Amino acid sequence: MTDKTYTALPNELALIADAKTDPGAFAEVYDHYFARIYNYARYRVIDPVAADDLTSEVFERVLTKLHTYRPARGPFSVWLFAVARNTVNAELRRQKLRQFFSLEAVRHRPGADPDPSEVADQNETYRELLAAVRGLSERERELIALKFAGGLTNRAIAKMTGLTENHVAVILHRAVQRIRSELEEPGEHS
Amino acid sequence: MKHDSYEKFSRDMDAALAHDHLADAAGRSESERAELETLRTLAAADFSPESRIRRSLKRRLLEPSRTGTASVQRARVVKSRTVPYRLAVAAALIIVLALAASPLGTSLARSLVGILESRQVGENTTAVSVDGDFQAVPGENGETILLPAPDTGAIPGSGLPESIDEADKERHLTLDPTIPFDEAREMVEFDLRIPAYVPEGYRFLGVVVIRTGQASLEFVNFDESRLIGLLQTTVGGANGKIQITYTSDIVAVDTKVAGHPALWTQAGDEGLLTWEADGVNYQLVGVSDLETALRIAESLP
């Protein structure tokens, strides 16, 4: 089991500096953050294939934008998750656009997401957890992802989202309560 | 819940993430213990073993023989009729993004990528910079669009390079296709209009141009969780109207927008307002009530 709180690699800054000219130097950083980015994407979009796509897109963007990262402005993980957040938000906008053109929003009642059983997950606990997270609002889901996949502090999340630190805690608490209720009594609260 | 309780909750979250057993269940109420258990479940969750791209993506992005991604050079347009090229890119991107959602669309999406990869788009000649796994072609505003590049550096007529791993073949483009209003206005063949009013908390995001006779204006709310879209389509020709499948859940209301007959359809809190004026069909989505929809629609100049 891995400590998911913010932990930088011991030589992270040096690796990132090297990676600006030699992408191969990024391999260790990639290994360190891959699961967090994938989990972040998974919490946001639930679907495993979409999460793979987004994870790929995040790392491609990170590598092309790496030269813009300034260590003095904050930890790499916060910058990385800001890129991930922008990438996922852009994809969610595209999804809404696709729904717009196909008018799925009108054909199907809102909130009528695919049955949780459709979630391709072999692990029952994870399947139930993702089904519970799917029932959250977009904002709650985003904060759960930043907190439990990104391991970011409430302060970092507040800065990234424009919320106050207290508001972040309130939203997270509410979201955790809803997840807990859903895990205890599936379907009762959706 | 008091401020102290939120602080305690935040400490419990961080302890759960650190797998710190200081946040144990001793001395807590049943409700608090259940909450702690939920935090631990969230903290322990790791879906990443289900990822199918972990190794292939690393190989593609980081292996020495494929190190093009981080050093892609900005492409220069040698000779270009800019607007048609931009239009082709914008239209193709929209279609690729839409097609990518369906298995059937994959091959068509590849063909479009092939079109984008080719040096000649009609009379438009575009410089293509090839570097490693990607080639860069210029998009609107001078930014670079990355496309999978062939290993040989030659530009194929269509399809993707075979060297890309199977799991990564479905991905092609990463460009958000919205463009500024003034630019979109120059690209379409009709009078694109922007409403003077949108609900509080929304901002104009940009325009998606589908073709010269069809464009969508997007407005997004401050946390980017909701989108309002206003699709404008010239009436007739190849720009067919969207068919609505009516079910018993849908409420339909006849109304008017600035004197023009309009139809409001609603399912739950999602609505669609559609009307025609001056040879253009308008479809407004993302608004949950007719009053707001009419206010937006009637604020068009």
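Here the structure is a predicted model, which means the values were calculated and not measured. Sequence order as written defines residue numbering, which begins from 1 separately in each chain. For this description, chains carry letters from A and ligands carry numbers from 1, given in the order in which they are written. Only residues with pLDDT of 70 or above have their local features reported here, since the model is predicted, and side-chain atom pairs are shown and tallied only from 80 upward, although totals for entire chains, interfaces and linings are computed over all residues.

Enquirer: A description of the confidence of the model for chain A should follow, citing residues and the corresponding values.
Expert: Residues and elements named next belong to chain A. Each residue gets a pLDDT score, which is the predictor's confidence in that residue and runs from 0 to 100. When pLDDT is averaged along chain A, the result is 82; 80% of the residues meet or exceed 70. Under the scheme used here, helices are H or I runs from DSSP no shorter than 4 residues and strands are E runs no shorter than 2 residues, and both carry numbers assigned from the N terminus. The spread of mean pLDDT over the elements of chain A runs between helix α5 (residues 104–107), the lowest at 39, and helix α2 (residues 27–45), the highest at 95. Placing C-beta atoms from the backbone, we regard two residues as in contact once those atoms come within 7 Å. In the predicted structure, residues 102–122 sits below a pLDDT of 50 and forms 33 contacts with residues beyond four places in sequence or in another chain.

Enquirer: Go over the packing of α2(A) against helix α3 (residues 48–65) of chain A, please, and point to the residues and values.
Expert: Residues and elements named next belong to chain A. For the pair α2 and α3, interaxial distance at closest approach is 8 Å and the crossing angle is 135°. For the element pair α2 / α3, the angle class is oblique. Crossing angle aside, the handedness with which α2 passes α3 is right-handed. Counted together, Y30, I37, Y38, A41, R42 and V45 of α2 and P48, A50, A51, L54, T55, V58 and F59 of α3 form the full contact between these two elements. An axis is simply a line fitted to the C-alpha atoms; with a helix, the fit covers only the stretch in contact. Between two such axes, the angle follows the N-to-C directions and lies from 0 to 180 degrees. The labels follow the angle: roughly parallel below 35 degrees, roughly antiparallel above 145, roughly perpendicular from 65 to 115, and oblique for the rest. Each helix crossing is assigned a hand: it is left-handed if the near helix lies turned anticlockwise from the far helix by less than a right angle, otherwise right-handed if that turn is clockwise.

Enquirer: Describe in detail unusual backbone geometry, supporting the description with residues and values.
Expert: A positive phi is found at I46(A), a non-glycine position, where the angle reads about 70°. Note that I46(A) resides in the loop between α2 and α3. Unlike most non-glycine residues, A258(B) shows phi in positive territory, near 50°. As for its placement among the helices and strands, A258(B) is situated in the loop between β9 (251–257) and β10 (260–267).

Enquirer: Hey, could you go over the confidence of the model for chain B for me, with residue numbers and the actual values?
Expert: Residue and element names in this part refer to chain B. Of the residues in chain B, 53% reach a pLDDT of 70 or more, and the chain-wide mean stands at 64. In the predicted structure, residues 65–176 sits below a pLDDT of 50 and forms 193 contacts with residues beyond four places in sequence or in another chain. Taken together, the stretch residues 237–247 has pLDDT below 50 and engages in twelve contacts with residues farther than four places along the chain or on a different chain. Two summary scores accompany this predicted model of the complex, namely pTM at 0.53 and ipTM at 0.83.

Enquirer: Go over the pairing of strand β11 (residues 270–277) of chain B, please, and point to the residues and values.
Expert: Where a strand is regular, its side chains alternate between the two sheet faces. Residue and element names in this part refer to chain B. Across the eight residues that make up β11, a large majority, six, are buried. Where β10 lies against β11, six bridges are found, and the strand directions are antiparallel. Its bridge partner being in β11, A267 is matched across the sheet by E270. Between any two strands, at least two bridges found by DSSP are needed for them to pair. Count of turn residues in the β10/β11 antiparallel hairpin: two residues, of which G268 carries a positive phi of about 60°. Alignment of β11 against strand β12 (residues 280–287), held across seven bridges, turns out to be antiparallel. Counted as the bridge partner of T274 is Q283 from β12. Here a residue counts as buried when 20 or more other C-beta atoms fall within 10 Å of its C-beta, as exposed when 12 or fewer do, and as partly exposed in between; the C-beta atoms come from the backbone.

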